[in-house]
Amino acid sequence: VSLIHYAKDICLGESDVWKMIKILAAKRLPPLRKNFYEDATLYFTSKARTKQIRIYPKLKEVLDRKHATPEAIAHAKGVLRLELCLVKPNSIDSLVKKLRLPDKTTCSLLTEEISDSAVGEVLDKLNFFESLSNEKTNLELLLEHFTTRKSLNLCGFLEMVNERGEGFYKDESLGFSKDAYFRDARDCRKVKVWKRQ
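Remember, it's a predicted structure, so these values are computed and weren't measured experimentally.

**Q** Just to check I follow, could you spell out the overall build of the protein chain for this structure?
**A** Counting its regular elements, the protein chain contains ten helices and five strands. For 197 residues, the compact-globule estimate of 2.2 N^0.38 gives 16 Å, and the C-alpha radius of gyration of the protein chain, at 21 Å, exceeds that figure by more than 25%. Residues classed as buried in the protein chain amount to 39% of the 197 residues present. Considering only contacts within the protein chain whose residues lie at least 6 apart along the sequence, 57% involve residues at least 24 apart.

**Q** Quick question: what am I supposed to make of the side chain of Ser108 here?
**A** Secondary-structure assignment places Ser108 in helix H5 (residues 106–109). Separated by 2.6 Å, the side chains of Ser108 and Asp103 make a polar contact. Discounting residues that sit within four places of it in the chain, Ser108 has contacts with Leu101, Pro102, Asp103 and Ile114.

**Q** Just to check I follow, could you spell out the layout of surface pockets for this structure?
**A** Rolling a probe over the atoms, with the probe sized like a water molecule, indicates the empty space that remains. Roughly 280 Å³ of internal volume is contained in the second largest pocket. Lining the second largest pocket are 18 residues, and of these Lys51, Leu84, Lys98, Glu121 and Lys125 lie nearest its centre. Within the residue set of the lining of the second largest pocket, elements represented by two or more residues are strand S4 (51–57), strand S5 (79–86), helix H4 (89–98) and helix H6 (112–125). Looking at side-chain class alone, the lining of the second largest pocket contains ten nonpolar, four polar and four charged residues.

**Q** Explain the sheet that holds strand S3 (residues 41–45) to me, please; I cannot follow it from the model alone.
**A** Each strand in a sheet pairs with its neighbour through backbone hydrogen bonds, running either in the same direction (parallel) or in the opposite one (antiparallel). Strand order in this open sheet of five strands is S1-S5-S4-S3-S2, and the pairing throughout is antiparallel. Of all strands in the sheet, those bounded by a partner on one side alone are strand S1 (4–11) and strand S2 (33–37). Taking each pair of neighbouring strands and ignoring which way they run, the sheet shows an average axis angle of 15 degrees. Here S1 runs beside S5; their pairing, made up of eight bridges, is antiparallel. For Ala7, the partnering residue across the bridge sits in S5 and is Glu83.

**Q** Just to check I follow, could you spell out the packing of aromatic side chains for this structure?
**A** Describing an aromatic ring pair means giving the distance of the ring centres and the angle of the ring planes. Here the structure, examined in full by the defined rule, presents eight aromatic pairs. Between Phe168 and Tyr181 the ring centres are 5.3 Å apart and the planes differ by 70 degrees, which places this aromatic pair in the edge-to-face class. Residue Phe168 is found in the loop between helix H9 (148–164) and helix H10 (178–191), and its partner Tyr181 is found in helix H10; the two are separated by 13 residues along the sequence. You'll find Phe168 and Tyr181 in the same group, each marked buried. Among the aromatic side chains, those forming a connected cluster through ring pairs are Phe157, Phe168, Tyr169, Phe176, Tyr181 and Phe182.

**Q** How should I be thinking about the packing of H9 against H10 in this particular structure?
**A** Between two packed helices, what matters for the description is the angle formed by their axes and the separation of those axes. Here H9 crosses H10 at 105 degrees, and the two axes come no closer than 10 Å. By the criterion of interaxial angle, the relationship of H9 to H10 is roughly perpendicular. Across the interface between the two elements, Lys150, Leu154, Phe157 and Leu158 of H9 pack against Tyr181, Asp184, Ala185, Asp187 and Cys188 of H10. Counted by class, the contact of H9 with H10 contains six nonpolar, no polar and three charged residues.

So, how was this worked out
- Counting starts from 1 at the beginning of each chain's written sequence and moves along it residue by residue.
- In keeping with the model being predicted, local features are shown solely for residues with a pLDDT of at least 70 and side-chain atom pairs are shown and tallied solely at 80 or more, while totals for entire chains, interfaces and linings include all residues.
- Calculation of side-chain values draws on the structure's entire complement of heavy atoms; hydrogens and water are dropped beforehand.
- What counts as a helix is a DSSP run of H or I of at least four residues, what counts as a strand is a run of E of at least two, and both are numbered from the N terminus.
- Our radius of gyration is a C-alpha quantity, and the globule rule it is checked against amounts to 2.2 Å times the number of residues to the power 0.38.
- Classification of residues uses two cut-offs on accessible area relative to the type maximum, computed with a 1.4 Å probe and protein chains only: under 20% is buried, over 50% is exposed, and between them is partly exposed.
- Contacts: residue pairs with any heavy atoms within 4.5 Å of one another.
- Think of a polar contact as two N or O atoms within 3.5 Å of one another; within protein, one of them needs to be a possible hydrogen donor and the other a possible acceptor, and neighboring residues in sequence only count if both atoms come from side chains.
- Grid spacing is 1 Å over the protein atoms alone, the probe is 1.4 Å, and a cavity is where that probe fits but cannot get out, while a pocket is an open set with protein on both sides within 12 Å along at least five of seven lines and lining residues have an atom within 4 Å of a point.
- Grid points are joined across faces, edges and corners, and a volume is the space filled by probe spheres set on the points.
- Polar here means any residue outside two lists: the nonpolar Ala, Val, Leu, Ile, Met, Phe, Trp, Tyr, Cys and Pro, and the charged Asp, Glu, Lys and Arg; Gly therefore counts as polar.
- Strands pair, by our definition, only if DSSP identifies at least two bridges between them.
- To get an axis, a line is fitted to the C-alpha atoms, and for a helix only the part in contact is used. The angle between two axes follows their N-to-C directions and goes from 0 to 180 degrees.
- Ring geometry is summarised as follows: Phe, Tyr and Trp rings, the Trp one being its six-membered ring, pair when their centres sit within 6.5 Å, and such pairs are stacked at plane angles under 30 degrees, edge-to-face over 60 and tilted between the two.
- For this classification, under 35 degrees means roughly parallel, over 145 means roughly antiparallel, 65 to 115 means roughly perpendicular, and everything else is oblique.

The following block contains the structure:
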């Protein structure tokens with residue numbers, strides 16, 4: 001084996017994918033060099049380019065394809081993709097040594113257990129799950145400013161924006177007035193849960 005791409009899809013929900021991208025973009029993984037491309041794709045690359053970590057919203061990647069199928073779009077929603085790419089033989093040799101594998105054949109390297117171990121190490125270095133649990137949900141942020149009922153209504157508003165897009169009030173069949181839309185948008189901006197993507 002001379003090239004490996006390990007990948008893990010983490011289901012977070014579409015708005016939480018973007019929140020996590022922002023959180024991870026603020027982190028460093030020395031000695032890897034960080035590059036944040038188009039506010040969406042995060043790269044951590046070794047100086048010799050033997051190893052690269054890529055983190056991105058799966059939905060954006062699918063939508064950027066010429067012929068994205070509805071099934072692919074549905075499966076990509078709310079998914080954060082993390083890839084660990086070992087692109088030179090010495091980076092693979094290093095992994096074999098670290099995990100005490102017998103050799104660098106496909107039987108040794110291309111297993112779910114080894115993939116989980118390699119990707120898990122990256123997640124640990126990023127403090128991924130701690131970052132996830134420390135991030136307040138939109139509902140928690142709203143409850144700090146509004147009543148429970150209003151907070152729940154605003155969460156519903158945010159979900160409509162997520163599902164139907166900005167300006168969904170223009171669809172008269174939804175029965176949502178322009179005034180109510182802009183009032184809710186203003187309240188969400190006040191709490192900084194609007195357009196957190």
